Amino acid sequence: MENMVERFIQKHRLIPKGATIVVGVSGGPDSMALLYFLHQRRQFWNIKLIACCVDHQLRGEDSRKDLLFVETFCQQYGIAFEGKTIDVPQIMQDMGISVETAARLGRYQAFEEVMVKQQADCLALGHHGDDQIETMLMRQVRGSFGAARAGMPVQRTFANGYIIRPFLSVTKEQIEQYCHNAGIVPRIDPSNFSEAITRNRFRKHVLPFLKQENPLVHLRFQEDSERIRDDSLYLDSLAQEKLQSVVVEQSTTHMVISIRRLIDTPIPLQRRMIHLILKYLYNHDHKEAYHQSIHIEEVLYWLSVTKSSGERHLPKGLLVKRSYDLCHFIIGKEEARQTFSIGSSKLRLTIPGLTKAPLARVLAEVIHTYPTDSLNPNEFICDFDLLEGPLYLRHRKPGDRLRPLGMKGTKKVKDLFIDKKIDRQDRDRWLFLVDQGDQIVWIPFLRRGELYRVTSRTKRFLKLTIETTAFGRTF
Ligand SMILES: Nc1ncnc2c1ncn2[C@@H]1O[C@H](COP(=O)(O)OP(=O)(O)OP(=O)(O)O)[C@@H](O)[C@H]1O
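Attention in this report is confined to the structure presented alongside it. Owing to the predicted nature of the structure, the values given are computational and were not obtained by experimental measurement.

For the rest of this paragraph, the subject is the packing of helix α5 (residues 88-95) against helix α6 (residues 99-117). Where α5 contacts α6, the two axes come as close as 9 Å, and the packing angle between them is 110 degrees. The orientation of α5 relative to α6 falls into the category roughly perpendicular. Residues V88, I91, M92 and M95 of α5 form the contact with α6, whose participating residues are V99, A102, A103, L105 and G106. Among the residues forming the contact of α5 with α6, the class breakdown is eight nonpolar, one polar and no charged.

Once that is clear, we can look at the packing of aromatic side chains. Evaluated as defined, the whole model comprises 12 aromatic pairs. Their ring planes at 65 degrees and their centres at 5.8 Å tell us that F44 and W45 sit as a pair that is edge-to-face. Relative to F461, the ring of Y370 lies with its centre 5.5 Å away and its plane at 70 degrees, an arrangement referred to as edge-to-face. Note that Y370 is positioned in the loop between β14 (360-367) and β15 (379-383) and F461 in strand β22 (residues 461-468), a separation of 91 residues in sequence. On the accessibility criterion, Y370 (42% relative accessible area) is partly exposed. Given the relative accessible area of 7%, F461 is considered buried. Taken together, the ring pairs connect Y36, F73, Y77 and Y178 into an aromatic cluster.

The rules behind these values
Residues numbered from 1 in each chain as written. Predicted model: local features only at pLDDT ≥ 70, side-chain atom pairs only at ≥ 80, totals over all residues. Heavy atoms only, no water. Axes fitted to C-alpha atoms, helices over the stretch in contact; angles between N-to-C directions. Helix = DSSP H or I, 4+ residues; strand = E, 2+ residues; numbered from the N terminus. Parallel < 35°, antiparallel > 145°, perpendicular 65-115°, else oblique. Contact = heavy atoms within 4.5 Å. Nonpolar A, V, L, I, M, F, W, Y, C, P; charged D, E, K, R; others polar. Phe/Tyr/Trp six-rings, centres within 6.5 Å; stacked < 30°, edge-to-face > 60°. Buried < 20%, exposed > 50% of the residue type's maximum accessible area, 1.4 Å probe, protein only.

Here's what the structure looks like:
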């Protein structure tokens, strides 16, 4: 097993020499084996390891014991350890999401904090080849499209570095054997056996058959995952290029295309163009809607085979309307006008965390270094330690003024809107970031303010990213 992993790491250049690596360790066999493996190889790569265990507090005393188990193991081997405890029910309540999603979000937030604190290059996770088969089968059975059919990436950007998955080339059985040989007796999470969980049903009923047919099936799935991702990236770039000549008109909530120009292109690009249009209008939200091939096929069939005019309704209020050669894609226009409002009240931001407003969401991150990339109009950074209270989102009020960044005096918000030719409806829907004294700090997509500006003395930065289809532009 060690040789397989070593080759996989080299092939994908996963570990730079001298790297600082945070390892996500739950106490289960996969991540314990990963931690032990990297520890054994620490001198060869000259790496610094930090084990990070997150207690989700979902299995009471048991999950606390998992954390203590990992901590004791680390003490025994002289590995740096970071234990994090997160309040999953609170995240569920704040964001109205399921327990699995809240646990995942909280866990990744905790990983990110440790990555930043340790100035780490990578976060290593213990996903293995069998996990990859399950992931890809589940995505295929669900009917995913394009790159969404690939499995988990071997490497992807995360926080100030990368997530890496060095064990994707080996099986669960190999890992268990490795633990056994190393004398590691990992903790077992009983929820891994519950058939109420989709992944576990695939593991129990489908994997044994595939492994019987080909014991190296995990390598075939892994290769396929990499190929699907590469092919998709290439085809998507061609589709993106072609789309410029197919789109007749475009705003953040509305896209008009020429049907004739669409169906004049090769079918694989047609599918990808529809996918890009849906992704754009859904603003990368509702992945379940735009990654599903069924909707893409439905629209294409209607446009290329049938001649009928009329309308089609896709999930989450996306309307597709056809008239002669033109096809309109309109996202929640009415809905946007009527419900994009947080009323006269203010919405308090979760810092750090994700705040959802109707048709918009704001991600707040506390970071320790100023990003080297220039900021997009949907991003804002201020001095976290200068803030004295919470921040809020609200709509505009008569007489609102902003002191723009780098200016001494203030300007009327109304004039800022007029300068940028923002129409009246959009002005009413625009969101403003204000402090607890109701002073405007930032007008997303329009102007950053002078308040709490970053200086050479700033130690901690608050970075806000807003995503919305309701006003401004999406990125
Ligand atoms: N509570 C946690 N704390 C730290 N890392 C975690 C935690 N849960 C999961 N991870 C990381 O994410 C990877 C995948 O998690 P998942 O729950 O899918 O795996 P698993 O099959 O339970 O793995 P393991 O055998 O390591 O528990 C783990 O191998 C580990 O690296």
